[in-house]
Amino acid sequence: MTQLHKTGAAVGEPVAASGAPSAFLEVRDLKVHFPTDDGLVKSVDGLSFTLEKGRTLGIVGESGSGKSVTSLGIMGLHTAGQYGRRKAQISGEIWLEGTELLSGDQDKVRKLRGRDMAMIFQDPLSALHPYYSIGKQIVEAYRVHHDVDKKTARRRAIEMLDRVGIPQPDKRVDAYPHEFSGGMRQRAMIAMALVNNPELLIADEPTTALDVTVQAQILDLIRDLQKEFGSAVIMITHDLGVVAEMADELLVMYGGRCVERGTATEVFTEPQHPYTWGLLGSMPRIDRDQTERLIPVKGSPPSLINLPNGCAFNPRCPYADIPKDNITRTERPELREVGSGHFSACHMSAEERERIWTEEIAPKL
Ligand SMILES: Nc1ncnc2c1ncn2[C@@H]1O[C@H](COP(=O)(O)OP(=O)(O)OP(=O)(O)O)[C@@H](O)[C@H]1O
Ligand code: SF4
Ligand SMILES: [Mg+2]
C-alpha cells in the first residue's frame, strides 16, 4: 500500500468526533436502511459531511445511489410519500446548529426542521396539493411558523411569487397547481420552500424536468435567494453541469456511500476516483457533438442489498485489475484524505491515479 493510504485520515467510518460540532450542518455516519422481503436495502450507508451557511454542497451520483434518501433522511421525511411503504432504519447523527436531530426531542426537532429547513422536490406536484390554490398553500406554510393574520400572510405569498418571477402574482396567487406550467409550478414550489427564509435548503434535482432556459433561471433564483438569506444549500443532481455552476463543495455518491468529496474546484480539476472520472466523461459539453456528449459510466449500479465485496465500484472499474500493494480485492477502500479537505475511496496509489488522470482521462475530457 502507498504512503498516502497509510497516513491519510479515514473519514468514511463513524466519525471519531463527539458532541456538538461547530459547523452549521454536520452529518455523521448517516445510515438509512430499508428492510424488504429480499433483504436489507442499504440506501445510505455511512455518509459524513459538513456544510456552512452561505455555502452550496453538490451531491452527485447516478440513479439509485442514495441521493434522495439522504435528503429525505436529513429532512426527517424518510417515513413519508413513496418512501413510506417500509419504515426506514436510520442511524448516525445529523447536527443542525448544535442540535442533534435524530436523537433530540422529536417535537422540538419537527419545529426546527419546519422553520429552518426546506426542500425543493424534483416533482413539484409531490409538494403541492392539487385541491388548494398556490396562494393558500404558501399562506399556510408561512402561518405555521409566523403568528400573523391571513391578510399579512397573503401579502407575503404574493411577494414571494413575485420574487420567483411569476407574472401578475396578485392574480396568480389564487390559481391552482394544474393551472400553472411546469416551470411556473417549480417556481411556486420554490416560493413555498423559501417563504420562511430557510437556513438550509435542500434542492433535489430542482430543474431536471425543465427546459434549459427555465433551468438556468431557476438556478439563478436559488443563487440570488441564497445570497440574500445566507442559506446553506444542498443541491442534488446527476447533472455535473449544474453543480459545476452552483456548488462550492462536491460529494460523489456510489452505492449509498461517498466515494469522493472536496471543494468543487478540487474535484473538478483533480478528481481522484475512477467513478468521478467516469461521471466527468459523461458531462455534457457545449463544444461537443450531441452524439459525443453523454458517455455513461459502463455497467449497472450495484445492488444495495449485496454490494460487491471490496470496492463497490470494482465490477465496473477499468482499473480494478491494477495490482495494489498489500491490498486484496475483497478489502473495502475507506475514504482517505488525498489533498487538503479532499477525500477519495480508492486503493490505487497517488502516483498511479495521477498517471491515469493526466495521461488517459484528462486529455479526453
Ligand atoms: N422505501 C424503500 N424501500 C426499499 N428501497 C428503497 C426505499 N426507498 C428507496 N429505496 C432504494 O434506495 C435506493 C436509493 O434511492 P434514491 O431515491 O435515494 O436514489 P437517487 O440517488 O435519488 O436516484 P435518482 O437519481 O434516480 O433520483 C434505490 O435503490 C431505491 O430503490
Ligand atoms: S479501489 Fe480499485 S476498483 Fe475501486 S475505484 Fe479504485 S481502482 Fe477501481
Ligand atoms: Mg433521487
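Just so we're clear, the structure is a prediction, and the values are computed from it rather than from any experiment.

Caption draft 1: How the structure looks around the packing of helix H4 (residues 134–145) against helix H5 (residues 150–163). Packing of H4 against H5 brings their axes to within 9 Å, and their N-to-C directions diverge by 115 degrees. With respect to H5, the axis of H4 lies roughly perpendicular. In this structure, the crossing between H4 and H5 has a hand that is right-handed. Where H4 approaches H5, its residues Ile134, Gly135, Ile138, Val139, Tyr142 and Arg143 are matched on the opposing element by Lys150, Ala153, Arg154, Arg156, Ala157 and Leu161. By residue class, the composition of the contact of H4 with H5 is seven nonpolar, one polar and four charged.

Caption draft 2: Region of the structure containing the pairing of strand E1 (residues 25–36). The element E1 is extensively covered by neighbouring structure, given that nine of its 12 residues are classed as buried. In the sheet, E1 pairs with strand E2 (residues 39–51) via 10 bridges, with the strands oriented antiparallel. Across the sheet, Phe34 pairs through a bridge with Val41, a residue of E2. The antiparallel pairing of E1 with E2 creates a hairpin that spans two residues between the two strands.

Caption draft 3: Structural detail: the pattern of salt bridges. Scanning the model with the defined rule gives 16 salt bridges in all. Of the charged contacts, one joins Glu159 and Arg156 as a salt bridge, the two residues approaching to 3.1 Å between their closest N and O atoms. With Glu159 and Arg156 both in helix H5 and three residues apart, this pair spans about one turn of that helix. Under the relative-accessibility criterion, Arg156 is labelled buried at 14%.

Each value, and the rule that gives it
Per chain, the residues get numbers from 1 upward, laid out in the order the sequence is written. As they are written, the chains are lettered A onward and the ligands numbered 1 onward, keeping that order. Only residues with pLDDT of at least 70 are given local features in this predicted model, and only at 80 or more are side-chain atom pairs given and counted; all residues enter the totals for whole chains, interfaces and linings. Here the side-chain values reflect all heavy atoms present in the structure, with hydrogen atoms and water set aside. Lines fitted to C-alpha atoms define the axes here, with helix axes fitted over just the stretch in contact, and angles between the N-to-C directions of these axes take values from 0 to 180 degrees. Under the scheme used here, helices are H or I runs from DSSP no shorter than 4 residues and strands are E runs no shorter than 2 residues, and both carry numbers assigned from the N terminus. For classification, angles of less than 35 degrees are called roughly parallel, those exceeding 145 degrees roughly antiparallel, those between 65 and 115 degrees roughly perpendicular, and all remaining angles oblique. Handedness of a helix crossing follows the sense of rotation of the near helix relative to the far helix, less than a right angle counterclockwise being left-handed and clockwise being right-handed. Working rule for contacts: check all heavy atoms of both residues, and any pair within 4.5 Å makes them a contact. Lys, Arg, Asp and Glu make up the charged group, whereas Ala, Val, Leu, Ile, Met, Phe, Trp, Tyr, Cys and Pro make up the nonpolar group; the residues left over, Gly among them, are polar. Burial classes follow relative accessibility: with a 1.4 Å probe on protein chains only, a residue under 20% of its type's maximum area counts as buried, one over 50% as exposed, and anything between as partly exposed. Think of it this way: DSSP has to see at least two bridges between two strands before they count as a pair. For salt bridges, the criterion is a side-chain nitrogen of Lys or Arg within 4 Å of an Asp or Glu carboxyl oxygen.

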